[in-house]
Amino acid sequence: MSGSESSRDRYLDLLRSIALVRVVAYHTFAGAVFSLVFPAMGVMFALAGVLMARSLRRPAGTVLRSRARRVLVPLWVYAATVLALLVAQGWSPGDDGSWGQVLLWFLPVGDPVFPEGAGSGTVDPSWAVQAGEILWYVRAYFWFMILSPVLLRAFRARPWPVLLAPLVLSGLLALGVVPLPSWADAPVTDFTTYGSCWILGFAHQSGMLRRIPRRVVLVAGPAVMVLGLGWASGHQGEAGWDLNEIPFAQALWSFGFSAVLLRISPAWQELPRPLRFLDGAVTLLNSRAMTVYLWHNLLLVGTVLLVDVLWSSDVLATAVPGLLESPWLSFVLVWPLLAAVVLAVGWTEDLAAGRRPRLWPVRPAPASASVSGQGATGSGLPAGSWLYPRSVRETAPPAALSPRSPGEGPG
């Protein structure tokens, strides 16, 4: 991989970092504007598609095992913690025959559900619902991952039809032309909503997107987004303009937005200097993407408890009127909690990737940091080789320049 290509990958890392922060902000403020300003989930699926296409240069079985491990290990740590807290509150899945739901916390092929009044009736499962509702993304990612070898072969054979097929299916679902059974509603809707974003990642990686003149993408992308807004204007629910509640509008808006971002794809050195000062934060967020995503909603529940404690402080309430009622306080408090979780369990992402565990990875792992001694990519350089000097990159064996981003996570 050339230095130019690797610096452009750093731009993709920046996009993933922005998407993660936006996800936390959306769940903090519950504002529809966030789905319009930056469609984080669509961008994350597009970035994941890029990385999956690169990985599939290797045998599909090897790639799927590696990818599944990177998703499942952090998920198991999170799921075990949530279920342990529920059991400590008196909940037992056997009381209502929901052992199958427990398995879905550890094998994300479906969405786990906690019925109200579960267990002895002494536990309020509402916080667990919030802890579990974000798992839809893990489930969708898992299915995209499994289907990617087939999708990539189909894309190479018929690029445009395969790229646009999920958008067409999303429109048919929105029009009610294709009815779905209740058990298939969520997974099929998510697939059609974000499938074109995922395959757009294939188009970026293959060079197909770069071969389209930039001015064409910069016109066509926003035009597709306008179509999404047009559909949303006539199909708003209680959440108003929140595109997360309007799947077809979300599909169009996310696809057009992601196409523009991927087509622009500037080199890291071309970005404004203030953004490049965020290098350490970008590395950290990408190295701990699964941890941040999985834990943030549960920790936002924890900020409510912290606010209750701060509420007793008359000094604080008087000094900053309205602060304790503001969601901004939760948004500020959740980041130290996330930092604590990253320190406590984030290193499991390193284990899942075959790297030597690190507590706070704001710099790329050294070449000897891999458990195997060959770096996270199975080569002589770690996955963060894009930060090594050009002289190192040019003298390293070709296999060392892995086509993979250092914080390659689910998004």
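Residues numbered from 1 in each chain as written. Predicted model: local features only at pLDDT ≥ 70, side-chain atom pairs only at ≥ 80, totals over all residues. Heavy atoms only, no water.

**Q** Please give an account of the overall build of the chain that cites residues and values.
**A** What the chain contains, in helices and strands, is 19 helices and 0 strands. Looking at the 411 residues of the chain, the share that counts as buried comes to 51%. Long-range contacts, defined here as pairs at least 24 residues apart, represent 71% of the contacts in the chain between residues at least 6 apart. When the accessible surface of the chain is split by element, carbon and sulfur atoms take 67% of a total near 18000 Å². (Helix = DSSP H or I, 4+ residues; strand = E, 2+ residues; numbered from the N terminus. Buried < 20%, exposed > 50% of the residue type's maximum accessible area, 1.4 Å probe, protein only. Contact = heavy atoms within 4.5 Å. Areas by Shrake-Rupley, 256 points an atom, 1.4 Å probe, with all protein chains shown as cover.)

**Q** Which residues make up the packing of aromatic side chains, and what are the values?
**A** Scanning the entire structure with this criterion turns up 22 aromatic pairs. Ring plane angle 35° and centroid distance 5.0 Å describe the contact between Phe-45 and Tyr-194, whose orientation is recorded as tilted. Pair noted here: Phe-45 is in helix α3 (residues 40-55) and Tyr-194 is in helix α9 (residues 182-206), with a separation of 149 residues, a long-range link. The exposure class of Phe-45 is buried, given its relative accessible area of 0%. Aromatic side chains Tyr-137 and Tyr-293 sit 5.0 Å apart centroid to centroid with 55° between the ring planes, which places their arrangement in the tilted category. In this pair, Tyr-137 sits in helix α7 (residues 135-157) while Tyr-293 sits in helix α15 (residues 289-311), placing the two residues 156 residues apart along the sequence. Linked through ring pairs, Phe-45, Trp-136, Tyr-137, Tyr-141, Phe-144, Phe-191, Tyr-194, Trp-198 and Tyr-293 together constitute an aromatic cluster. (Phe/Tyr/Trp six-rings, centres within 6.5 Å; stacked < 30°, edge-to-face > 60°.)

**Q** Let's hear about the nonpolar core: which residues, and what values?
**A** If you look at the biggest cluster of nonpolar residues, it comprises 99 residues, and the most contacted ones within it are Phe-45, Tyr-78, Leu-294 and Trp-295. Those residues in contact with Trp-295 that lie beyond four places of it in its chain are Val-77, Tyr-78, Thr-81, Leu-338, Val-341 and Val-345. (Core = buried A, V, L, I, M, F, W, Y, C linked by side-chain atoms within 4.5 Å.)

**Q** An account of unusual backbone geometry is needed here, citing residue identities and associated values.
**A** With a phi angle near 50°, Ala-30 is a residue other than glycine that sits in the positive phi range. For Ala-30, the position within the fold is in the loop between α1 (3-29) and α2 (33-37). Despite not being glycine, Ser-265 has its phi angle at roughly 35°, a positive value. Residue placement: Ser-265 occurs in the loop between α12 (247-264) and α13 (273-276). Since its relative accessible area comes to 7%, Ser-265 is described here as buried.

**Q** Residues and numbers for the packing of helix α4 (residues 60-88) against α7, please.
**A** Running from N to C, α4 and α7 cross one another at 170°; their axes reach a closest spacing of 9 Å. It follows that α4 is roughly antiparallel to α7 by the angle criterion. Contacts between α4 and α7 involve Ala-60, Leu-64, Arg-67, Ala-68, Val-71, Leu-72, Leu-75 and Tyr-78 from the former and Leu-135, Val-138, Tyr-141, Phe-142, Met-145, Ile-146 and Pro-149 from the latter. Split into classes, the residues belonging to the contact of α4 with α7 amount to 14 nonpolar, no polar and 1 charged. (Axes fitted to C-alpha atoms, helices over the stretch in contact; angles between N-to-C directions. Parallel < 35°, antiparallel > 145°, perpendicular 65-115°, else oblique. Nonpolar A, V, L, I, M, F, W, Y, C, P; charged D, E, K, R; others polar.)

**Q** How would you summarise the pattern of salt bridges if you had to cite specific residues and measurements?
**A** Enumeration over the complete set of coordinates arrives at 8 salt bridges. Arg-54 is the partner of Asp-9 in a salt bridge, and the nearest nitrogen-oxygen pair spans 2.6 Å. One end of the pair, Asp-9, is in helix α1; the other, Arg-54, is in helix α3, with 45 residues separating them in the sequence. An identical accessibility class is assigned to Asp-9 and Arg-54; each is buried. (Salt bridge = Lys/Arg side-chain N within 4 Å of Asp/Glu carboxyl O.)

**Q** Account for the side chain of Arg-10, naming residues and giving values.
**A** By the element assignment, Arg-10 lies in helix α1. The buried category is assigned to Arg-10, whose relative accessible area is 2%. There is a polar contact of 2.6 Å between the side chain of Arg-10 and the side chain of Thr-283. (Polar contact = N/O pair within 3.5 Å; in protein donor to acceptor, adjacent residues only side chain to side chain.)

**Q** Explain the packing of α9 against α12 to me, and be specific about the residues and the numbers.
**A** Following both chains from N to C, one finds α9 and α12 inclined at 10°, their axes separated by 9 Å at the closest point. Regarding the angle of α9 to α12, the classification is roughly parallel. The interaxial crossing formed by α9 with α12 has right-handed handedness. In contact with Thr-189, Thr-192, Thr-193, Tyr-194, Ser-196, Cys-197, Leu-200 and His-204 of α9, α12 contributes Pro-247, Gln-250, Ala-251, Ser-254, Phe-255, Ser-258, Ala-259 and Leu-262. Taken together, the residues that form the contact of α9 with α12 break down as 8 nonpolar, 8 polar and no charged. (Left-handed = near helix turned anticlockwise from the far one by under 90°.)

By themselves, these figures tell us nothing about what the structure is for.
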